[in-house]
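Summary of structural features
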Amino acid sequence: MKSEYKILYIEGDGVGCEITPVMISTLKAAVRKAYDNPPALVFEEVLAGEKAEKLTGESLPSVTLEKIKESGIAIKGPLMTPVGKGKRSLNVALRQELDLYVCQRPVRYFNGVPSPVKHPENVDMVVFRENTEDIYAGIEWPAQSDETEKVIRFLHDEMGVNKIRFPKTSAIGIKPVSREGSRRLIKAAVDYAIEDGRKTVTLVHKGNIMKFTEGGFRSWGYELVKDEYGAVEKDGKVYIPRPDGDILVNDCICDAFLQNILLKPEAYSVVATLNLNGDYVSDALAAQVGGIGISPGANINYETGRAVFEATHGVAPDIAGKDIVNPLSLVLSGEMLLRYIGLREAADLVISAVEKTIAAKTVTRDLYNLLDDRSGARCLGTKAFGEELVRNL
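Being a predicted model, the structure only gives us computed values, none of them experimental. Per-chain numbering applies: the sequence of each chain, read as written, is numbered from 1 onward. Reporting in this predicted model follows two pLDDT cut-offs: at least 70 for local features of residues, and 80 or more for side-chain atom pairs to be given and counted; totals over whole chains, interfaces and linings ignore these cut-offs and use all residues. Heavy atoms from the whole structure form the basis of all side-chain values; hydrogens and water molecules are not counted.

**Structural notes on the sheet that holds strand E5 (residues 124-130)**
Basically, it comes down to this: For two strands to be treated as a pair, DSSP must find at least two bridges joining them. Helix numbers and strand numbers start at the N terminus; a helix is a DSSP run of H or I with at least 4 residues, a strand a run of E with at least 2. For every element, the axis is a line fit to its C-alpha atoms; helices are fit only across the contacting stretch, and the angle between N-to-C directions ranges from 0 to 180 degrees. Contact between two residues is taken to exist if any of their heavy atoms lie within 4.5 Å; hydrogens are not considered.
Ordered in space as E2-E1-E3-E14-E13-E4-E5-E12-E8-E11-E10-E9, the 12 strands form an open sheet in which the pairing is mixed. Lying at the two open borders of the sheet, with one neighbouring strand each, are strand E2 (40-45) and strand E9 (232-234). Here the average twist between neighbouring strands, direction ignored, is 25°. One ladder, built from five bridges, connects strand E13 (residues 296-300) with strand E14 (residues 307-311); its direction is antiparallel. Counted as the bridge partner of Ala298 is Phe309 from E14. Strands E5, strand E8 (200-205), strand E11 (247-253) and strand E12 (270-273) of the sheet are contacted by helix H8 (residues 254-263), whose axis makes an angle of about 110° with E11.

Laid out in structure tokens, this is it:
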């Protein structure tokens, strides 16, 4: 254990300025409580988003990227993403500029959280979503543009493509999926399963239709586990042999997987998937255990060690400044951060505090409004909820 850990933070847009102080105070208190000679958590703000735009004229200053590269560890609140026009997503820019190829989303249930499914406690998965390819590296041209007409003409004249039904009004998009990108993502998922004692790794894809991109992801995954982990086939299934019990490696088409997580979520543990599938899957799973407002996430490069932890929800402008937003997405992302840097005991305390607080029906407005039985429940504001978390450490 080091005597000091430097953690960079981006406050975030919208509700970011409300949830970030709760995250910082909870993490600091957990570290003080967990150790006799606690290390110092030193939080340093770096700028991105609207705050950066106002202060520097840039939404993602180069100094922010350089500091994260140097420090290696950061956590951020939500950043505004334009839809359909405007600047590219800052979230995507951070992931691509820092090559944070894993979007890691653990999904688990806390007793007492309202859920739309009968047995949310059966959901316990960690999603590894590829973060730098697929649609995040997609190339698009708008309908009826000169560029689109040129691409369609090339596809028709040079490649013999005749499947574009309405070429005059079609927009065109291309998505790259590579062997290297797929293998490193799947390797991270398998390594996590080994380290965390999990017994299933599922490759989720749409390879029945996109046979060379999504299908390639599936094939490269099986190739990887045979090449690097000595996986073997038994009775038509693929297993990685381990002294503490073999790990099953299987795959599932994405639409079937979205059905299966409702019908038999206990069948899945670690999930590796491409970018777009991972977006759908992780948000659908979050809904089963209480919503994206309490879902943590991290963007990690396991080769360089760099990691940016983040709230997985949006900036929520409709409730910003009202002291009602749920801070748990960012707090639990902070718990992931503590675990990542080796402060596991402090991370365990954060989980225990969240469990204790929710079990006592002490919640923020989003969860309070969903409770079927509000007897004994308390609806707290963002700041007061954070103080309750610290007390329950």
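**Concerning the pairing of strand E4 (residues 102-108)**
The following threshold applies: Relative accessible area decides the class of each residue, using a 1.4 Å probe on protein chains only: under 20% of the type maximum gives buried, over 50% gives exposed, and in between gives partly exposed.
When you tally the buried positions in E4, you get five out of seven residues, the bulk of the element. Both E4 and E5 contribute to a ladder of seven bridges, which runs antiparallel. Paired with Val102 across the two strands is Glu130, which belongs to E5.

**Considerations on the pairing of E14**
For E14, a buried count of five out of five residues is recorded, marking the element as mostly surrounded by other parts of the structure. Covered by surrounding structure in E14 are Ala307, Phe309 and Ala311 together with Val308 and Glu310, the residues of both alternating faces. Between the antiparallel neighbours E13 and E14 lie six residues, among them Gly305 with a positive phi of about 85°.

**A few points about the packing of helix H1 (residues 16-34) against helix H13 (residues 382-391)**
Quick reminder of the rule: Roughly parallel covers angles under 35 degrees, roughly antiparallel covers those over 145, roughly perpendicular covers 65 to 115, and oblique covers all other angles. Throughout this entry, Asp, Glu, Lys and Arg are counted as charged residues, while Ala, Val, Leu, Ile, Met, Phe, Trp, Tyr, Cys and Pro are counted as nonpolar. The remaining residues, Gly among them, count as polar.
Two elements in contact, H1 and H13, have axes separated by 9 Å at closest approach and are oriented at 10°. The orientation of H1 with respect to H13, classified from their angle, is roughly parallel. Residue-level contacts link Glu18, Val22, Ser25, Thr26 and Ala29 of H1 to Thr382, Lys383, Gly386, Leu389 and Val390 of H13. Its residues assigned to classes, the contact of H1 with H13 shows four nonpolar, four polar and two charged.

**Looking at the packing of aromatic side chains**
To be explicit about the condition: Working definition: rings of Phe, Tyr and Trp (its six-membered ring) pair if their centres are within 6.5 Å, and the pair is stacked with planes under 30 degrees apart, edge-to-face with planes over 60 apart, and tilted otherwise. By definition here, charges over rings are those cases where NZ of Lys or CZ of Arg is within 6 Å of the ring centre and within 35 degrees of the ring normal.
Taken as a whole, this structure holds five aromatic pairs when the rule is applied. For the ring pair Tyr302 and Tyr340, a centre distance of 6.4 Å and an interplane angle of 70° mean the geometry is edge-to-face. On the criterion of sequence distance, the pair formed by Tyr302 in the loop between E13 and E14 and Tyr340 in helix H10 (residues 328-340) is long-range, its members being 38 residues apart. What makes Tyr340 partly exposed here is its relative accessible area of 29%. Between Phe309 and Tyr340, the aromatic rings sit 5.8 Å apart at their centres with planes inclined by 65°, giving edge-to-face as the arrangement. You can see Phe309 sitting in strand E14 and its partner Tyr340 sitting in helix H10, a full 31 residues away along the chain. Lying across the ring of Phe110, Arg108 places its NZ or CZ 4.4 Å from the centre. In this structure, Lys234 is placed above the aromatic ring of Tyr239, and the distance from its NZ or CZ to the ring centre is 5.5 Å.

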